[in-house]
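# Commentary on secondary and tertiary structure
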Amino acid sequence: MEQHAVEQHGKAEPAGLDVVVTTMASDSHTWNLVFLQLLLEELGHRVTNLGACVPDELLVGECRRIEPDLIVLSSVNGHGFHDGLRVIAALRARPELARTPTVIGGKLGIAGTGTPARQHRLLAAGFDGVFEEGGSVLDFQAFVGSLPAGSRALPTGPGPMPAGTGVLL
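How each quantity is defined
Throughout this description, residue numbers start from 1 for each chain and increase along the sequence as written. Only residues with pLDDT of 70 or above have their local features reported here, since the model is predicted, and side-chain atom pairs are shown and tallied only from 80 upward, although totals for entire chains, interfaces and linings are computed over all residues. The basis for the side-chain values is all heavy atoms of the structure; hydrogens and waters are excluded. Summary of the metric used: pLDDT quantifies the predictor's per-residue confidence within the range 0 to 100. Contacts are assigned to residue pairs with any non-hydrogen atoms lying within 4.5 Å of each other. Each helix is a run of H or I in the DSSP string that is no shorter than four residues. Each strand is a run of E no shorter than two, and both are numbered from the N terminus. Under the pairing criterion, centres of Phe, Tyr and Trp rings, with the six-membered ring standing for Trp, must be within 6.5 Å; the plane angle then separates stacked pairs below 30 degrees from edge-to-face pairs above 60, leaving the rest tilted. For the exposure calls, accessible area comes from a 1.4 Å probe over protein chains only, and a residue counts as buried if that area is under 20% of its type's maximum, exposed if over 50%, partly exposed in between. Should DSSP find at least two bridges between two strands, the strands are taken to pair. A clockwise course of the path from the first strand over the helix to the second, judged with the strands pointing away from the viewer, identifies a crossover as right-handed.

### Structural notes on the confidence of the model for the chain
On average, residues of the chain score 84 in pLDDT, and 79% of them reach the 70 mark or higher. In the model, residues 4–12 has pLDDT below 50 throughout and makes zero contacts with residues more than four positions away in sequence or in other chains.

Here it is, written out as structure tokens:
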């Protein structure tokens, strides 16, 4: 059987997003990252999984190098809220990452599921979506599906996107 090479003509962009998936420095959990990577790849996106216990400087440096369309921070240890505030400040301080859509999710506190005040604080700090444990994967998928591939920036609008009701990120 003869095989034929497929050639791409024109300037069409590849479908899907370039996504960085990671935990933060204090979180050593990995199964959540494997789940997210598989989910995002099943949806047609390209994923760079930075793994667990990622120091802030490494996370920022890799995001600057990769220039992702989306950054997904996941926490399982309950310190995601405090770690997330620190990490989003570091990401937003870099001009090239200032408008990169960035979400956080999972177990963000040690006292149970999130409060609206916690979600609002994370959004005000610079996150574009908050997906806490116990919620629907569909909320996260809808958020990801709303992002244009190859843009590395959210569309300009009146303010941040609303917080998701949750997915264990």
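### Comments concerning the environment of Arg86
Within the secondary structure, Arg86 is located in helix H3 (residues 80–92). Taking the C-alpha atoms as reference, Arg86 lies 8.4 Å from Asp56; in sequence the two are 30 residues apart. Once you skip the residues sitting within four places of it in the chain, Arg86 turns out to touch Ala25 and Asp56.

### Regarding the packing of aromatic side chains
As enumerated under the stated definition, the model contains two aromatic pairs in all. The interplanar angle of 85 degrees and the centroid separation of 5.6 Å between the aromatic rings of Phe131 and Phe140 together place this pair among those described as edge-to-face. Residue classification places Phe140 among the buried positions, given a relative accessible area of 0%. Between Phe131 and Phe143, the aromatic rings sit 5.8 Å apart at their centres with planes inclined by 70 degrees, giving edge-to-face as the arrangement. Highlighted residues: Phe131 in strand E5 (residues 129–132) and Phe143 in helix H5 (residues 137–145), separated in sequence by twelve residues. Relative accessible area serves as the criterion here: at 7%, Phe143 is assigned to the buried category. Ring pairing ties together the aromatic residues Phe131, Phe140 and Phe143, which thus form one cluster.

### Remarks on the pairing of strand E4 (residues 102–106)
Across the five residues that make up E4, a large majority, five, are buried. Neither face of E4 is open: one carries Thr102, Ile104 and Gly106, the other Val103 and Gly105, and all of them are buried. Pairing of strand E3 (residues 70–75) with E4, which is carried by five bridges, proceeds in the parallel orientation. Bridged to Ser74 within E4 is Gly105. At this point the chain moves from E3, through H3, to the parallel E4, and the crossover so formed is right-handed. Bridge count for E4 against E5 is four bridges, and the pairing is parallel. If you follow Gly106 over to E5, its bridge partner there is Glu132.

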